[in-house]
Structure formats: C-alpha cells, structure tokens
Amino acid sequence: MADAPEVGELTPPDRTLMGPGPSDVHPRVLQAMSTPLVGHLDPSFIEIMNEVQELLRYTFRTDNQWTIPVSGTGSASMEAAIGNVVEPGDTMLVPTNGYFGGRMESMARRAGGEVVHVEAPWGEPLDPVDVQKAFDEHQPDVFGFIHAETSTGVLQPNVSELTSIAHDHDAYVIADCVTSLGGVEMQVDEWGVDVAYSGPQKCLSCPPGASPLTLNDRTMDKVLSREEEPRSWYLDLSLLEGYWGDDRSYHHTAPITNVYAIREALRLVAEEGIENRWERHLNVAGELKSGLQEMGLEMNAPDEYWLPSLNAVRVPDGVDDGAVISYLLDTYDLEIASGLGDLAGDIWRIGCMGYSARPKNVQYVLSSIEEALAEQGYEQ
Ligand SMILES: *Cc1c(COP(=O)(O)O)cnc(C)c1O
C-alpha cells in the first residue's frame, strides 16, 4: 500500500466570482455553515425545515404547500421536477434556444417521455406564437421553459402568456428559475407556473447542495397518482413527502449544513425584501451594462430580454475571448466565463448575482476588463 499522501492545508485562491455561478457567498451564509450539526430528525431541525419552506414560498412568490429544498445541486431539483411530473408516454415540449433546454430534453427522455420542440435561435427568447403552434401541433402534456437562460443571457418575457397557452391545453408548466430566483422577478402563483425549480449558488449566493423546488396541488395530484413509480428512488416526491410532509419520517439524511446555508441565504432575501432585491439586480447590472457599452462593447441581448443576473457581452473583432478570461483570472483573481454551444467564442458571460451584485464588484469588473482589452490591442 502507498504511504499516507502529504496533502497541504486548504488554501483556495481568493476569487471574485462574476461568472455564471457559483456567485460569491455571503459571509453570514459561510458562518451558518460552520455551526454544529443536529440530527436530521431532531425537533429543532424540524423547526428549521419549516422555516426554510416558509422562506422559499416567500422567495418563489407562492402559497404552494409543496415547496422544499431538494438535496443536491440545481440539476437535482430539475430532475425531481421532470422525473416526477413526466410519466412514460407523456409528451414534453422543450425549447431549443439554449443549453438548458437540451438538459430538460435528456431528463424527459430518461423519464420515459416523448420530446417535442419549440424552436428559437440561441440568444433569443421563445415567441408565444411559436409556443401556441407547437401546442396545436403536438398537444404536449408538459411544457418546460427556461426563465433565465444562463448560456445566452436571455430572460424569457411573457411568462403569463406562455402559461395561459399551456393551461388552455390542460398541460403542466415547469419553469427553470435557476438563474432568476432571488435576482429577477419571478411570480410563481401570479404567473400561473405549476412547477418551478432553482439552485442555491446563483442569485441566492449560497454554496451548491440544497435546491429550491415548488409544485402546486394540481401537479402534485398528477405526481401522486402516477401508475408507474418515478425512475429515481432518491428524488421520488411521493417518498420525499414522508420527510418534508406531515410525517417527518426518515427518507435520506438531509444535507444539514446546506439546509443551514440556504436558510441564512433566504433570510437575507427576506430582510432585503424580494422586490428590493430584484431592483438591486436591475440597478447594479444596469451599471455594468452601461459601463461595458461606454467601452464600445455590445450586449448580446436587446434590452427587452436582457437578463440582469447574466450579462452576455459580444467579443469584439480581433480580441481572443479566452485570453481576456485568463488575464482576469491570473491578474485579478476575477472569474467570468466564455460562451457555450452556438455562442462559443462569440460572447463573454458576466454574472451579477446575489452577493456578487454589488457596485464594488461592477467597478472591479469594468476596470479589469478595460485593462485586459488594452492588453489585446483593442481600441474603441
Ligand atoms: C446552473 C443551471 C442549472 C443546473 O444547476 P447545477 O447546480 O449546475 O446542477 C440548470 N439550469 C440553469 C438555467 C442553470 O443556470
């Protein structure tokens, strides 16, 4: 056997996180994570679970009883949503306008669903006219869309219009709110969203590990009357009901520290006020946007569907996108990201989420990018 490896102390670099997530974690959340554990069935933890559920309802703008943090990252709450709602033989309508619509598609297929598409180019939102056409043509049972597409920096407008179309066809609507929850207006009940899921490490500025999910009663009725069990035991909501519902009986050990973390992150949302938080993201990201534009850079999305929490910026001709990203990381410990898929090489993605959405960070990004561009010989 090998000798015990000599591994040094943990000393990660001191980054400023302005990419597509994770965002900078609020110090109060880090502190909450260093408090001692209690058991996941301890009466004091049951109280904490109730508080997290209440705070999640506030943040989602919903009265849904079925509102929980799913153990795992945003993809876990995404798979809990799709894997429970989509039954074998159901048809799910998914978008083609970004990376995460593709992930919805893979999950729906694995759940035994048939997948049909509503098309839009990467970098554009869905047009309600196309959604209407897709419904008339395919009569899907479930419709999924991405409220804030992190791969393209596009905010899906007209959410109520999309949900009305779906409900006229008796379908269920699943909204991906991973990059919008706690950063950009999302009104689950008022906008008629049946199921919404999110992640903690984007606009909630919490480490990944416990991910918000909410379903209304109509959708839970479908889930609880399935003929076939969902394919995942871990994410089966009819079993999770035993833990998060009235019984509070063991299903799996909740990630206690992550529940502490999201509780503190959501407490920060409630203290700030959700509307104020949306406004702060708009204002701070607005400063970022105008600063970039003053440098002669262009946003990829027009103002009607610009996403404050994720700013997609066009890479100017003659500039190497990767060299700028490396320069910022190496020189300033500053993280931003490149484009993905159809937009690879064409855009940078600059996040402005949660605790990272502060004027101080914006000034830091602007001055560092200006310097990185000058290094590349960029002239306005
Ligand atoms: C980040 C993200 C996810 C996946 O979340 P993970 O925490 O990486 O599993 C899903 N959808 C969107 C829109 C995202 O930005």
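Residues numbered from 1 in each chain as written. Predicted model: local features only at pLDDT ≥ 70, side-chain atom pairs only at ≥ 80, totals over all residues. Heavy atoms only, no water.

**Digging into the sheet that holds strand E3 (residues 91-95)**
Next up, step 1: Read across the sheet, seven strands follow the order E2-E10-E9-E8-E5-E3-E4 without closing on themselves; strand pairing throughout is mixed. Two strands lie at the open edges of the sheet, namely strand E2 (66-72) and strand E4 (114-118), each paired on one side alone. Between one strand and the next, the sheet's axes are offset by a mean angle of 20°, whatever the strand orientation.
Next up, step 2: In the sheet, E2 pairs with strand E10 (residues 209-215) via seven bridges, with the strands oriented antiparallel. Bridged to Trp 66 within E10 is Leu 215.
Next up, step 3: On top of the sheet, helix H8 (residues 237-244) reaches E2 and E10; it is set at about 100° to E2, its chief contact. (Pairing = 2+ DSSP bridges. Helix = DSSP H or I, 4+ residues; strand = E, 2+ residues; numbered from the N terminus. Axes fitted to C-alpha atoms, helices over the stretch in contact; angles between N-to-C directions. Contact = heavy atoms within 4.5 Å.)

**What about the side chain of Thr 59?**
Next up, step 1: Positionally, Thr 59 belongs in helix H2 (residues 43-60).
Next up, step 2: Among the residues examined, Thr 59 registers a relative accessible area of 1% and is labelled buried. (Buried < 20%, exposed > 50% of the residue type's maximum accessible area, 1.4 Å probe, protein only.)

**What about unusual backbone geometry?**
Next up, step 1: Residue Pro 22 is bonded to the preceding Gly 21 through a cis peptide linkage, with omega at 5°.
Next up, step 2: Of note, Pro 22 is situated in the loop between strand E1 (16-17) and helix H1 (27-32).
Next up, step 3: Positive phi is not limited to glycine here, since Arg 61 has a value of about 60°.
Next up, step 4: With respect to the element layout, Arg 61 can be found in the loop between H2 and E2.
Next up, step 5: Residue Arg 61 is classed as partly exposed on the basis of its relative accessible area of 25%.
Next up, step 6: Positive phi outside glycine occurs at Ser 205, with the angle close to 50°.

**Things to note about the UniProt feature "domain: Aminotransferase class V" (unreviewed entry) in the protein chain**
Next up, step 1: Within this structure's numbering, the places UniProt gives as "domain: Aminotransferase class V" (unreviewed entry) are residues 38-339.
Next up, step 2: Between the first and last C-alpha atoms of residues 38-339 the distance is 42 Å; the span itself is 43% helix and 17% strand. (UniProt positions renumbered as here; feature names shortened; annotations may be inferred.)

**Structural notes on the pairing of strand E5 (residues 142-146)**
Next up, step 1: Buried residues dominate E5, accounting for five of its five residues.
Next up, step 2: Here E5 shows a buried face lined by Val 142, Gly 144 and Ile 146 and a second buried face lined by Phe 143 and Phe 145.
Next up, step 3: Both E3 and E5 contribute to a ladder of two bridges, which runs parallel. Across the sheet, the residue bridging to Leu 93 is Phe 143, located in E5.
Next up, step 4: In this sheet, strand E8 (residues 172-176) lies alongside E5 in parallel orientation, the contact comprising five bridges.

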